[in-house]
Amino acid sequence: MSLFSSFSDTSNSISTERKTLFAEVIIPVPLKTTFTYRIPFELNDFVQSGVRVVIPFGRKRVLTGVVKSVTQEAPKGYSAKYILELLDEEPLITQTQIWFWSWIASYYMCSIGEVMNAALPSGLKLSSTSRLQLHPDWKNGINQEEIKEKQAEYDLSEDEIRLINLLELENSLTYEQAGEKLDLQDVYQIIKKLTQKRIVIIFEELKEKYSPLKEKQIRIAEKYATQEGIAEAFTKTTRSVKQEELLLTYLSKNPIKNYPKSISKKELLGENLSASSLKTLIKNGIFEEFEKTLSRFEFEEWTETESQISLTSTQENAVNQIFEHFQDKSTVLLHGITGSGKTEMYVSLIEQVLQSGSQVLMLLPEIALTSQIVVRLKRIFGNAVGVYHSRFSDNERVEVWKGVLNGDINFVIGVRSSVFLPFEHLGLIIVDEEHDPSYKQYDPAPRYHARDAALVLAHKHQAKVVLGSATPSVESYFLAKQKQYGLVEVLQRFGEATLPEIQLVDLKKSKKRKELKENFTLELFEQMKTALEQHEQVLLFQNRRGYAPYLSCEVCEWIPECQNCSVSLTYHQRANELRCHYCGFSTKVPQTCSACSSTKIYPKGFGTQKLEEDLQVLLPESRIARMDKDTTRTRTGYEKIIDAFEKHEVDILVGTQMITKGLDFEKVNLVGVFDADRILFFPDFRSSERFMQLIMQVSGRAGRRSGKGKVVIQTNSPSHPLFAIISLHDYQTFYNQEILERQEYSYPPFARLIKLMVRHEEREMAQKAAFILSKKLQPKLGAGRVLGPEAPIIERIRNKFQQAILIKLERNKFDLGKTKEFIQSQIDELYKDKSFKKIQVVVDVDFV
DNA sequence: AGCACGCCGACT
DNA sequence: GTCGGCGTGCTC
């Protein structure tokens, strides 16, 4: 039930002085301003920065917003509407968070409402889920006579009676439903009156939705929890085999010495045992049944911990170096190659910071989060750790949020959005795999970079940051070299392990000699066979899911394309469909070519699914699994595959990027890489960096224990200079070359990039608007700093044509804030032209 | 973003 | 004559 569902009781008002107060409210709409609402007197003492409120917005809508600040100043030019309801007794959002939201909004050029949307788990933003109910004091099911009596007593209007009658029928309604059913324009006025009269209450659906997870538990009664007791219990079950079975099962799972430990009813009954017999046992007082509130995370009963991880002297030395750097630097880049034991070093750091009483946040890339590292950390830190992940249900995320807020959780492992959790006293943020592009949010605004945002957040908390990577981003490494960050390098693998050998196989030659078996070169295939003979496992990496990227006509080379986007359609074999990965469009596979009517339409290229299928034919004896977005839709899907591979129930694992992150398998010595060229020749200034990172990461999976790992890369251009560097695992040389190029062409870290994407249904309009916008920007920024407009690689998405403008701003040469304001003002000005009303400009600051 | 108001075509 | 198309403008 709502805390202050009615604000009628002026007699109880704590306020002695009737001050008129206003609240600046952050509202989940993409508008750049906050909105000012009047605070009802009754709530004067309760509305404060960081609480959620329900407010009317526009004529019909009722939204949940967050109070940014409270002022005494009345807004000018309009009269503020009243806050309808207060949802929180204490702020749910801290002052630091409000500050942080504002920073993100201004740096990434979006509205604070958009930031709020990304920051709050949906369980906390109940926009239109506030529901109405009759007040429990109001008698339900009253007859017409009584209504007439009450009508006088309560001074009820016609509409109010209609709403009451509706609620008697429907039990509960949302604001919208009430408005629709009664066909009223301003329901909230009526609702407000009825709440004041204590006839109707508003309650948060959330509080019903969000309930702790409970489970029925069974344990043996205390008086039977001894050797003698057990014997006695058995005498009482002599007549029932099923009851004996239950007792025996219980004892096998839960020895008596562990009393009062219990097991879940579900588990006890798991193997087809009789529920009615259990009932009898409970009735006879041998077992006890009770409800237990579970944490939603599965590690609640860790009795032993893996703690006191022992560090090698190299690792210990690195940890000490990190602490030394922290004396005068707030950020340290930990460049530790795969297999150097970064996790162990993190654990040591985390333990020390937690002991000092500060909070710790550890960021991991999206797909690494369900992996082994999390399991390990859970084992070590037990209940004090919260895991924040998009695959978790909303309840779980709300639980972590509240846990952080009330201090139960001091350590969070999470994806990029966990920078938004309500930390009060962060001591350390670790950004693992700091180079990973999944830290940057692409699509809905805020298009923020979690690593960069974490640095700002840490600064605000005066916390320290460790950026960890085996292949640091050029930006971070540059800053470390510039001594802005401390730099700690661990370039030795743990134990005996050495870095794997990298073998390049020339695809062109292979093709010429007709040695290709499907997509396998002879070299790779033979080595796979050898590995399997020696009972080793093999990882195959192909960064493309599905069966084939596209179809093509043998005769005229026609390729089916999406009708909404300028991309070829991907062939999905299982559904026998062509699908667009950008807009979701799908169509049946055409039987004849649309251009020449030939029937010779065949799949071209290959994805993980095809590799898997071919392998089943080429190596019928081997056990093959596939790991990509399609096989890991569910949370357990991922775990099952990893588990099977760990137990060596699978010999060959085919996968996309997913297999490259944070996995540690003992028996893998061979890794095969397909289609590497696509990343290498991707037209982007980061392609070299991406490629280097990818290959280093993939090769990190091979030979982690044995020290005889091998990576076989199939490529059309084995002579590409980057391969020479990668083969030597030589990050330094890569960096030295790359940084020169970045400097020459003024790319990050020497410049900041802002991308403006101009969109319109018509190509000409998009081009025209983008051209005009770039001309508006050029005079002040300098023509050399405004590049484009030009059509991006995919010119049309969802029936909108795009034009990209790239703005390069050299570091330390610009007042970034002012420049962004200028850019925004020019965009706003563009909109003033009536013909550009339907133009959309998407701003991406520091895009990656 | 939603949602309402408003001004033009194809329908009972 | 109305229903509804979506262009335009506003939301405290």
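Residues numbered from 1 in each chain as written. Chains lettered and ligands numbered in written order. Predicted model: local features only at pLDDT ≥ 70, side-chain atom pairs only at ≥ 80, totals over all residues. Heavy atoms only, no water.

Where an unreviewed UniProt entry is consulted, chain A appears under the name Replication restart protein PriA, with the organism given as Bernardetia litoralis. Per UniProt, chain A carries the Subunit (unreviewed entry) text "Component of the replication restart primosome." Its UniProt record gives chain A the following Sequence similarities (unreviewed entry) comment, quoted word for word: "Belongs to the helicase family. PriA subfamily." (UniProt positions renumbered as here; feature names shortened; annotations may be inferred.)

Colleague: Would you explain the sheet that holds strand 26 (residues 624-627) in this entry?
Modeller: Working definition: the strands of a sheet are paired by backbone hydrogen bonds and lie parallel or antiparallel to each other. With parallel pairing, 6 strands are arranged side by side in an open sheet as 19-29-28-20-27-26. One side of each edge strand has no neighbouring strand; the edge strands of this open sheet are strand 19 (501-506) and strand 26. Recorded for the sheet is a direction-independent mean angle of 20 degrees between the axes of neighbouring strands. (Pairing = 2+ DSSP bridges. Helix = DSSP H or I, 4+ residues; strand = E, 2+ residues; numbered from the N terminus. Axes fitted to C-alpha atoms, helices over the stretch in contact; angles between N-to-C directions.)

Colleague: How should I be thinking about the packing of aromatic side chains in this particular structure?
Modeller: Aromatic ring pairs are described here by two measures, namely the spacing of the ring centres and the angle between the planes. Counting across every chain of the model gives 20 aromatic pairs. Seen in terms of ring centroids, Y477 and Y731 are 4.9 Å apart; in terms of plane orientation they differ by 75 degrees. Their pairing is edge-to-face. Placement of Y477 in helix 17 (residues 474-481) and of Y731 in helix 25 (residues 731-744) is noted, with a sequence separation of 254 residues between them. Of the two residues, Y477 and Y731, neither departs from the other in class, the shared state being buried. Taking 5.3 Å as the distance between ring centres and 90 degrees as the angle between the ring planes, the aromatic pair formed by F520 and F674 counts as edge-to-face. (Phe/Tyr/Trp six-rings, centres within 6.5 Å; stacked < 30°, edge-to-face > 60°. Buried < 20%, exposed > 50% of the residue type's maximum accessible area, 1.4 Å probe, protein only.)

Colleague: Is there a simple way to think about the UniProt feature "binding site: Zn(2+) 2" (unreviewed entry) in chain A in this case?
Modeller: As annotated by UniProt and renumbered to match this structure, "binding site: Zn(2+) 2" (unreviewed entry) occupies C562, C565, C580 and C583. A maximum C-alpha distance of 8.7 Å places the annotated residues, which cover 22 residues in sequence, within one compact spot. Residue placement: C562 occurs in the loop between strand 21 (550-553) and strand 22 (570-572). What C562 contacts, discounting residues up to four positions off in sequence, is V567, L569, C580, C583, F585 and R796. (Contact = heavy atoms within 4.5 Å.)

Colleague: It is not clear to me how helix 4 (residues 158-170) should be interpreted in this structure. Could you clarify?
Modeller: Residue pairs spaced three or four apart in an α-helix point in one direction, given the helix's 3.6 residues per turn. If you check helix 4, its first and last C-alpha atoms are 18 Å apart, about what 13 residues at 1.5 Å a residue would give, namely 18 Å. Taken together, the buried positions of helix 4 are E160, I161, L163, I164, L166 and L167. (Expected span 1.5 Å × (residues − 1).)

Colleague: Explanation requested: a positive patch on the surface in the structure shown.
Modeller: A grouping of K508, K509, K511 and K512 is seen on the molecular surface, where their side chains present a positively charged patch. Residue position: K509 is located in helix 18 (residues 507-512). Looking at K509, the relative accessible area reads 47%, which means it is partly exposed. (Patch = residues over 30% accessible without salt bridge, like charges linked within 9 Å, V, L, I, M, F, W, Y side chains within 5 Å. Areas by Shrake-Rupley, 256 points an atom, 1.4 Å probe, with all protein chains shown as cover. Salt bridge = Lys/Arg side-chain N within 4 Å of Asp/Glu carboxyl O. Lys, Arg positive; Asp, Glu negative; His and termini not counted. Charge placed at Lys NZ, Arg CZ, Asp CG, Glu CD.)

Colleague: Got a minute to help me understand the pairing of strand 13 (residues 359-363) in this structure?
Modeller: The side chains of a regular strand alternate, first on one face of the sheet and then on the other. In terms of burial, strand 13 is largely enclosed, as 5 of its 5 residues are buried. Side chains Q359, L361 and L363 of strand 13 all project onto a buried face; the interleaved residues V360 and M362 project onto the opposite face, where all are buried too. The pairing of strand 13 with strand 15 (residues 411-414) spans 4 bridges and is classified as parallel. Each bridged residue has a counterpart across the sheet, and for L363 the counterpart in strand 15 is G414.

Colleague: Explanation requested: the nonpolar core in the structure shown.
Modeller: Considering soluble globular proteins, one finds that nonpolar side chains tend to be buried as a cluster. Ranked by internal contacts, the top residues of the largest apolar core, which has 117 residues, are W101, V419 and L756. F381, I413, V466 and V490 belong to the second-largest nonpolar core, a separate cluster that totals 31 residues. (Core = buried A, V, L, I, M, F, W, Y, C linked by side-chain atoms within 4.5 Å.)

Colleague: What's the story with the environment of P446 in this structure? I'm lost.
Modeller: Within the fold, P446 resides in the loop between strand 16 (426-432) and helix 16 (450-461). In this structure the C-alpha to C-alpha distance between P446 and Q151, which are 295 residues apart in sequence, comes to 50 Å. Those residues in contact with P446 that sit more than four places away from it in its chain are I104, C110, E114, V115, A118 and Q441.

Colleague: Quick question: what am I supposed to make of the protein's contact with DNA strand B here?
Modeller: Near DNA strand B the following residues occur: P30, L31, K60 and R61. A share of 62% is what sugar and phosphate atoms reach among the atoms of DNA strand B within 4 Å of the protein. Taken together, the residues that form the surface near DNA strand B break down as 2 nonpolar, no polar and 2 charged. (Near = heavy atom within 4 Å. Nonpolar A, V, L, I, M, F, W, Y, C, P; charged D, E, K, R; others polar.)

Colleague: Before we go on, may I ask you to explain the sheet that holds strand 5 (residues 85-86) in this structure?
Modeller: Across the sheet, which stays open at both edges, the 5 strands sit in the order 2-1-4-3-5 with antiparallel pairing between neighbours. A strand with exactly one partner marks an edge of an open sheet, and here the two such strands are strand 2 (35-39) and strand 5. In the packing of helix 1 (residues 95-107) onto the sheet, the strands contacted are strand 1 (21-26) and strand 4 (61-71), and the crossing angle to strand 4 comes to about 105 degrees.

Colleague: Help me out: how do you make sense of the packing of helix 12 (residues 313-326) against helix 13 (residues 342-355) in this one?
Modeller: Helix packing geometry: the angle between the two helix axes and the distance between the axes. As a packed pair, helix 12 and helix 13 sit with axes 9 Å apart at the nearest point and diverge in direction by 45 degrees. Considered as vectors, helix 12 and helix 13 are oriented oblique to each other. Both helix 12 and helix 13 take part in a crossing whose hand is right-handed. Of the residues in helix 13, those in contact with Q315, A318, V319, I322 and F323 of helix 12 are E344, M345, S348, L349 and Q352. Across the contact of helix 12 with helix 13, the residue classes break down as 6 nonpolar, 3 polar and 1 charged. (Parallel < 35°, antiparallel > 145°, perpendicular 65-115°, else oblique. Left-handed = near helix turned anticlockwise from the far one by under 90°.)

Colleague: I would appreciate a short explanation of the protein's contact with DNA strand C in the present structure.
Modeller: The immediate surroundings of DNA strand C are formed by L31, F35, T36, Y37, P56, F57, G58, Y78, A80, K81 and K837. Of all DNA strand C atoms lying within 4 Å of any protein atom, the proportion belonging to sugar or phosphate reaches 52%. One of the side-chain N or O atoms of Y37 is found 3.3 Å from a phosphate oxygen in DNA strand C. Listed by contribution, the elements that provide at least two residues to the surface near DNA strand C are strand 2 and strand 3 (52-57). Broken down by element, the residue count for the surface near DNA strand C peaks at 3 residues, all from strand 2. For the surface near DNA strand C, the class distribution of residues is 7 nonpolar, 2 polar and 2 charged. (Polar contact = N/O pair within 3.5 Å; in protein donor to acceptor, adjacent residues only side chain to side chain.)

Colleague: Would you mind showing me how to read unusual backbone geometry here?
Modeller: When glycine is set aside, most residues are seen to have a negative phi, and most peptide bonds are trans. Cis geometry is found at the peptide bond from A445 to P446, where omega equals 0 degrees. A cis amide bond links P748 with the next residue in sequence, P749, at an omega value of 5 degrees. The phi angle at H729 is positive, at roughly 55 degrees, despite the residue not being glycine. A positive phi angle, near 55 degrees, is found at D846, a position not held by glycine. You can see D846 is positioned in the segment after strand 34 (840-845).

Colleague: Could you clarify how one ought to interpret the side chain of Q714 in this entry?
Modeller: Relative to the assigned elements, Q714 resides in strand 29 (residues 710-715). Judged by relative accessible area, which is 2%, Q714 ranks as buried. Side-chain polar atoms of Q714 contact the side chain of T521, separated by 2.8 Å. Setting aside residues no more than four positions away along its own chain, Q714 makes contact with V505, L507, N519, F520, T521, L524, V673, F674, D675 and A676.

Colleague: Can you walk me through the pairing of strand 20 (residues 537-541) in this structure?
Modeller: Counting buried residues along strand 20, 5 of its 5 residues qualify, which places the element largely inside the surrounding structure. Side-chain alternation along strand 20 places Q537, L539 and F541 on one buried face and V538 and L540 on a second face that is also buried. Bridging between strand 20 and strand 28 (residues 668-673) involves 5 bridges; their strand directions are parallel. Within strand 28, the residue paired with L540 across the bridge is G672. Relative to strand 27 (residues 652-655), strand 20 runs parallel, the two being bridged by 4 bridges. Its bridge partner being in strand 27, V538 is matched across the sheet by I652.

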